[in-house]
Amino acid sequence: MIDLIPLHFAHHIAGFAADGYVSGVDWLEGLPGLLRGLLDEWELEPVGRSMSGHCSVVVPVRLVGAGRSPVEDHAPGGSTPHAVLKVSWPHPEAATEALALQTWNGHGAVRLLRADPARFALLLERLDTEDLTTRPVDDACAVIGDLLTTLRRPAHPRVPRLADYAARQADELRVAPPVIPRRYLDQAAALARELVTRPPAEERLLHTDLHYANVLAAARAPWLAIDPKPMAGDPAFEVAPALWNRPDELGTGSQVRWSLRRRLEIICEHAGIDEGRARAWTIVREADNAVDAALDPAGRDRVSLAVMIIKAMND
Ligand SMILES: Nc1ncnc2c1ncn2[C@@H]1O[C@H](COP(=O)(O)OP(=O)(O)O)[C@@H](O)[C@H]1O
Ligand SMILES: [Mg+2]
């Protein structure tokens, strides 16, 4: 059972302090039993090496027994009923992942086959291993913009509201230590307030982490989103992760601004998002990221990246 849990993932998660639920260490202690229980109850058989992300373990599985029919319908060629079991370290952002996937019901996103929110466990349609990191960044941004359009639905009332996050950010950034120039922290705090006092016409279900590794190739559609970290609010909030990921491809000097603005333009055009609002939300999110990264002794490069992005959004 223990080899269902990648070693590097266990090391990574062991460093997590509790965030509303259990610490990484406490969760890991129960994880072998948790996986065994889910595999038994849901009649699943592991069929390959486990994958992992920042906070979850993802086990490729085959459905055995009576539960197999729902997956068979979605399996390529209707033959091999393959799925993945995703179990996340419990934290607030993961708590409503199932609700968001249910809302999308397979349109633009991975299909949810079964969920146990109390155990942070999801049974998902199995997609390809290829993700958008393999594609030229301009093409990848066009795919992300198109997916954002497909994913635009009204949000379930239990999904956390972006307006609440923004109000918290406005308060926190104003008193944050000056890990980036004070004027950027003040600007981000002011923008967070302003963006929620002038909300868009309609609040939508948001995928707040739509970066290149959270878009997988599939058989039933060219690309599908996974791992949504849902919120309800302004779609302009969704653009930033595609700017701060793949930082090695931004170039140097004056190219950086050009590359970032080009990514922003492509996504906004494909998703029908207002560029000004997307730039403003990016400043808020990067100020937040910088404050978090500064707590980590290895986070210096991340803080510098945040400053570069905030500058490029302002110029
Ligand atoms: N439905 C799926 N089919 C195939 N691979 C998946 C699927 N869902 C996740 N994965 C793999 O597992 C990794 C982690 O999953 P993800 O949902 O992104 O969790 P995290 O929140 O930990 O980033 C992904 O980057 C991908 O490689
Ligand atoms: Mg992910």
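Residues numbered from 1 in each chain as written. Chains lettered and ligands numbered in written order. Predicted model: local features only at pLDDT ≥ 70, side-chain atom pairs only at ≥ 80, totals over all residues.

A. Here's a closer look at unusual backbone geometry. Positive phi is not limited to glycine here, since Lys229 has a value of about 40°. As for its placement among the helices and strands, Lys229 is situated in the loop between strand E9 (223-225) and strand E10 (230-233). Located in the positive-phi region is Arg246, a residue other than glycine, with phi close to 55°. Looking at the element boundaries, Arg246 is found in the loop between helix H8 (241-244) and helix H9 (254-271). (Helix = DSSP H or I, 4+ residues; strand = E, 2+ residues; numbered from the N terminus.)

B. The arrangement of the environment of Asn214 in detail. Mapped onto the fold, Asn214 is located in the loop between strand E7 (204-207) and strand E8 (215-217). According to the C-beta neighbour criterion, Asn214 is buried, with 23 such atoms within 10 Å. Along the sequence, Asn214 and Ala166 sit 48 residues apart, while their C-alpha atoms lie 24 Å from each other. (Buried ≥ 20, exposed ≤ 12 C-beta atoms within 10 Å, placed from the backbone.)

C. Geometry of the site of ligand 1. Of all residues adjacent to ligand 1, which total 19 residues, the nearest are Gly53, Ser56, Val58, Leu127 and Asp227. Of all elements in the fold, only strand E2 (51-52), strand E3 (56-63), strand E4 (82-88) and strand E6 (121-125) reach the threshold of two or more residues within the shell around ligand 1. Looking at the shell around ligand 1, its residues break down into 10 nonpolar, five polar and four charged. For the shell around ligand 1, the domains that each give at least three residues are domain 1 (2-125) and domain 2 (132-314). (Near = placed C-beta within 6 Å. Nonpolar A, V, L, I, M, F, W, Y, C, P; charged D, E, K, R; others polar. Domains from an automatic or database assignment.)

D. Representation of H9 in the model. Its 18 residues give H9 an end-to-end C-alpha distance of 26 Å, which sits within 8% of 26 Å, the value for a rise of 1.5 Å per residue. Among the residues of H9, those classed as buried are Leu260, Arg263, Leu264, Ile266, Ile267, Cys268 and Ala271. Turning to H9, the residues buried within the fold contact helix H5 (137-150), H8, helix H10 (275-294) and helix H11 (300-314). Just past H9, the residue Gly272 takes up positive phi, approximately 60°. (Expected span 1.5 Å × (residues − 1). Contact = placed C-beta atoms within 7 Å.)

E. Fine view of the packing of H10 against H11. The interhelical angle for the contact between H10 and H11, taken along N-to-C directions, is 165°, at an axis separation of 9 Å. Viewed along their axes, H10 and H11 adopt a mutual orientation that is roughly antiparallel. The hand of the H10/H11 crossing is left-handed. Every residue of H11 that contacts H10 at Arg279, Thr282, Ile283, Glu286, Ala287, Asn289, Ala290, Ala293 and Ala294 is listed here: Arg302, Val303, Ala306, Ile309, Ile310 and Met313. Grouping the amino acids of the contact of H10 with H11 by side-chain chemistry returns 10 nonpolar, two polar and three charged. (Axes fitted to C-alpha atoms, helices over the stretch in contact; angles between N-to-C directions. Parallel < 35°, antiparallel > 145°, perpendicular 65-115°, else oblique. Left-handed = near helix turned anticlockwise from the far one by under 90°.)

F. Just the domain arrangement of the protein chain, in detail. On domain assignment, one finds that the protein chain holds domain 1 (2-125) and domain 2 (132-314). Taken over C-alpha atoms, the centre of domain 1 sits 26 Å from the centre of domain 2. When its residues are assigned to classes, the side of domain 1 that touches domain 2 shows six nonpolar, five polar and two charged.

G. Up close: the packing of H9 against H11. It is the contact of H9 with H11, at a shortest axis distance of 9 Å, that shows an interaxial angle of 70°. In terms of their interaxial angle, H9 and H11 are classed as roughly perpendicular. Of the residues in H11, those touching H9 at Val256, Arg257, Leu260 and Arg261 are Met308, Ile309 and Ala312. Taken together, the residues of the contact of H9 with H11 break down into five nonpolar, no polar and two charged.

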